[in-house]
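Single-letter residue listing:
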Amino acid sequence: MAYFMEKVKTKSTPYVLIDEAKQYMKLEGDCFPDDTLEFFWDINKWLCEYLESGNYDKLTFDFELNYFNSSASKILFDMLEQMNEFSKNGKQAQVNWHVESGDSLLRELYEDFEEDFTDLKIILIEK
Amino acid sequence: MLLNTLELFDKTKKLDVYIAYKGIVRIDNIEELSVALRSQMAFDKLSQDTFRAVFSIFVELMENVKMHSAVPKGCIIVTSQDKIYHVQSGNLMETQNIEELKKRINHLNSMDKQSLRNYYMERIKKNNPNPRSRGAGIGLIEIAKRASEPVEYDFIPYDEHLTFFTAKVTINNDNIERGAV
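In what follows, the accompanying structure is described. (Residues numbered from 1 in each chain as written. Chains lettered and ligands numbered in written order. Predicted model: local features only at pLDDT ≥ 70, side-chain atom pairs only at ≥ 80, totals over all residues. Heavy atoms only, no water.)

## What to know about the overall build of chain A
Across its full length, chain A holds three helices and six strands. Put simply, chain A runs from its N terminus to its C terminus through helices and strands in the order β-β-β-α-β-α-β-α-β. On C-alpha atoms alone, chain A measures out to a radius of gyration of 14 Å, which is about the 14 Å that the 2.2 N^0.38 rule sets for 127 residues. Counting only C-alpha atoms, chain A reaches 40 × 30 × 25 Å along its principal axes. When each of the 127 residues of chain A is scored for burial, the buried share is 55%. In chain A, once contacts between residues fewer than 6 apart in sequence are set aside, the share between residues at least 24 apart is 64%. Carbon and sulfur atoms form 47% of the exposed surface of chain A, whose accessible area is close to 5700 Å². Within chain A, one finds 13 positive and 27 negative side-chain charges whose respective centroids are separated by 5 Å. (Helix = DSSP H or I, 4+ residues; strand = E, 2+ residues; numbered from the N terminus. Rg over C-alpha atoms; globule rule 2.2 N^0.38 Å. Buried < 20%, exposed > 50% of the residue type's maximum accessible area, 1.4 Å probe, protein only. Contact = heavy atoms within 4.5 Å. Areas by Shrake-Rupley, 256 points an atom, 1.4 Å probe, with all protein chains shown as cover. Lys, Arg positive; Asp, Glu negative; His and termini not counted. Charge placed at Lys NZ, Arg CZ, Asp CG, Glu CD.)

Right under this line is the structure:
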């Protein structure tokens, strides 16, 4: 059975959706969990297995975080790095990077990530 | 003791106090205060950048207290006056760690926005040998990136092992139309 996970939004953690059958994941909301490693544990574990399984050749990631703290940013960077590696061998991960208009730092971060991850497709979507 | 609330109201005139908290700092306190701060700021006409700056500096400072304070208590104060926001935190820390922290803040204060942007990416790429150290110092860079002025700080000796650390961060907002009564 393809993996499926959905977590509701809390005051400090985002909505999470992983729908392996649709080759899709989404994070939406604010992200400053009490224990960032613990919060991302399942998500990361699934992502590693998915990307390395050899069963899939694409992944779409809707990145709709309004705010994430500094420890989450490190983990998110590592996740994108894995997707970038995945995209090197004829496979393609795509990140839809949603930014509220006027949020220039999140836009800047998009530019820096976009420049850094040359094989990953990162698309800016302004809300 | 009863505070003279008229005096408080009158003397502070243009100063709005959004949050003044002293107590236990755990995730539930951070969550509740972040909701309060968000609804306070909803009355201000803020650019997305100003809102994000105040909000993220508030969360980073509170997390700093949560993770690094020598005792599980700390203070956080958020005010606005004359189109300027201040976020200020205070907590006890081990005196032996202050030199390192001072050095890091001074280093960040000496950088311009572009250098901070580059430094942030540099740090985020580094593999952290100790994942439990969490942000690996990225929190302070995040604060410096979003601040309008250099981060002000003070270290006040408390007892033979502990020092009280205060940080004050300024965020300018040209769009704010609240304040004067």
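From this point, the narrative continues.
## Focus on the interface of chain B and chain A
Contacts between chain B and chain A engage 31 residues on the former and 30 residues on the latter. In total, chain B and chain A occlude about 2800 Å² of area from one another, counting both sides; carbon and sulfur atoms represent 52% of this. The largest per-residue losses of area from chain B upon contact with chain A belong to B:Arg52, B:Arg117 and B:Ile124, which jointly make up 20% of the total buried on that side. Applying the counting rule to chain B against chain A returns eight salt bridges. Applying the counting criterion to the chain B and chain A interface returns 17 residue pairs in polar contact (both at pLDDT 80 or more). Listing elements by their share of the side of chain B that touches chain A, those giving two or more residues are α2 (27-41), α3 (48-68), α5 (113-125) and α6 (138-146) of chain B. Looking at the side of chain B that touches chain A element by element, the count peaks at nine residues for α3(B). (Buried area = accessible area lost by both parts, 1.4 Å probe. Salt bridge = Lys/Arg side-chain N within 4 Å of Asp/Glu carboxyl O. Polar contact = N/O pair within 3.5 Å; in protein donor to acceptor, adjacent residues only side chain to side chain.)

## Looking at the environment of B:Ser39
All names here are of chain B. With respect to the element layout, serine 39 can be found in helix α2. Under the relative-accessibility criterion, serine 39 is labelled partly exposed at 42%. The spatial distance from the C-alpha of serine 39 to the C-alpha of tyrosine 18 is 9.6 Å, given a sequence separation of 21 residues.

## A short note on helix α4 (residues 98-109) of chain B
All names here are of chain B. An ideal rise of 1.5 Å per residue puts 16 Å on twelve residues; α4 measures up with 16 Å between its terminal C-alpha atoms. Taken as a whole, α4 has its buried residues at Ile98, Leu101, Ile105 and Leu108. The buried residues of α4 occupy one face: seen down the axis, they fall within an arc of 100 degrees. Check the buried side of α4 and you find it contacts β3 (84-94), α5, α6, β4 (152-157) and β5 (162-172). (Expected span 1.5 Å × (residues − 1). Arc of directions from axis to C-beta.)

## Brief notes about the sheet that holds strand β2 (residues 73-81) of chain B
Residue and element names in this part refer to chain B. Reading across from one edge, β1-β2-β3-β5-β4 is the order of the five strands in this open sheet, with antiparallel pairing throughout. The open sheet has two edge strands with one neighbour each: β1 (16-24) and β4. The mean inter-strand angle of the sheet, taken between neighbouring strand axes irrespective of direction, is 10 degrees. In terms of strand pairing, β3 meets β5 through eleven bridges, oriented antiparallel. If you follow methionine 93 over to β5, its bridge partner there is threonine 163. This element, α2, spans β1, β2 and β3 of the sheet and lies at about 175 degrees to β1. (Pairing = 2+ DSSP bridges. Axes fitted to C-alpha atoms, helices over the stretch in contact; angles between N-to-C directions.)

## What about the pattern of salt bridges?
Summed over the entire model, instances satisfying the criterion amount to 20 salt bridges over all chains. For B:Glu99, the salt bridge goes to B:Lys102, with nearest N and O atoms at 3.6 Å. Placement of the pair is B:Glu99 and B:Lys102 together in helix α4, with a separation of three residues, close to one helical turn. One connected set of salt bridges, linked through shared partners, spans A:Arg107, A:Glu108, A:Glu111, A:Asp112, A:Glu126 and B:Arg117.

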